[in-house]
Amino acid sequence: YTVAERKAFGLQGLLPPVQKTINLQARRFLRQLAALKNPLHKHVLLMSLQDCNETLFYKVIIDNIQEVMPLIYTPVVGEACQKYGHIFQRPRGMYISIRDRGNVASILQNWPEKDAAVCVVTDGERILGLG
């Protein structure tokens, strides 16, 4: 962010003072990714990036789709599903179970975004027949 953007968005003091382009940030991240040998560790690093900088995450994905796609989809995501409890970092989305019957409307009110454009519903059985 530029100095003006940092002032406008209230980011002064919350970011390091050095300004780096998104291309430089992507190159630095890709070097970190390349240093890891284990594909599951690469997956975890990518998910960490998504948590802390979604814009950079999607820049890395879009610009490096062939290299990154196996890490965020098959085959690595299958192993990630199997080891979810070991690599869990933070919740994503909402979790509604059968025990919440009758309370779904009030639970949905807990979502922090009031203008959700997309809702994906799953049965929680994971993917790729790994359920």
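Shown above is the structure to which this text applies.
What comes next concerns the included structure. Predicted, not measured: the structure shown is a model, and the values here were computed from it.

This part is about helix α2 (residues 22-35). Compared with the 20 Å implied by 1.5 Å per residue over 14 residues, the 20 Å span of α2 between its first and last C-alpha is a close match. If you check which residues of α2 are buried, you get A26, F29, L30 and L33. Down the axis of α2, the smallest arc covering the buried residues is 105°, so these residues share one side. The exposed residues of α2 that point more than 90 degrees off its buried face are R31 and A35. Lining the buried residues of α2 we find α3 (39-52), α4 (54-63) and α5 (65-72).

Looking now at unusual backbone geometry. Geometrically, the link from T74 to P75 is a cis peptide bond, its omega value of 10° lying close to zero. Its place among the elements puts P75 in the loop between α5 and α6 (76-82).

Moving on, we get to the packing of aromatic side chains. Applying the stated rule across the entire model yields two aromatic pairs. Between Y1 and F9, the aromatic rings sit 6.2 Å apart at their centres with planes inclined by 70°, giving edge-to-face as the arrangement. According to the relative accessible area criterion, Y1 is exposed, its value standing at 52%.

One way to put it is that α2 packs onto α4 with a least axis distance of 10 Å and a crossing angle of 70°. By the angle class used here, α2 and α4 are roughly perpendicular. Where α2 abuts α4, its residues I22, N23, Q25, A26, F29 and L30 lie against T55, L56, K59 and V60.

Each value, and the rule that gives it
- Residues numbered from 1 in each chain as written.
- Predicted model: local features only at pLDDT ≥ 70, side-chain atom pairs only at ≥ 80, totals over all residues.
- Heavy atoms only, no water.
- Helix = DSSP H or I, 4+ residues; strand = E, 2+ residues; numbered from the N terminus.
- Expected span 1.5 Å × (residues − 1).
- Buried < 20%, exposed > 50% of the residue type's maximum accessible area, 1.4 Å probe, protein only.
- Arc of directions from axis to C-beta.
- Contact = heavy atoms within 4.5 Å.
- Phe/Tyr/Trp six-rings, centres within 6.5 Å; stacked < 30°, edge-to-face > 60°.
- Axes fitted to C-alpha atoms, helices over the stretch in contact; angles between N-to-C directions.
- Parallel < 35°, antiparallel > 145°, perpendicular 65-115°, else oblique.

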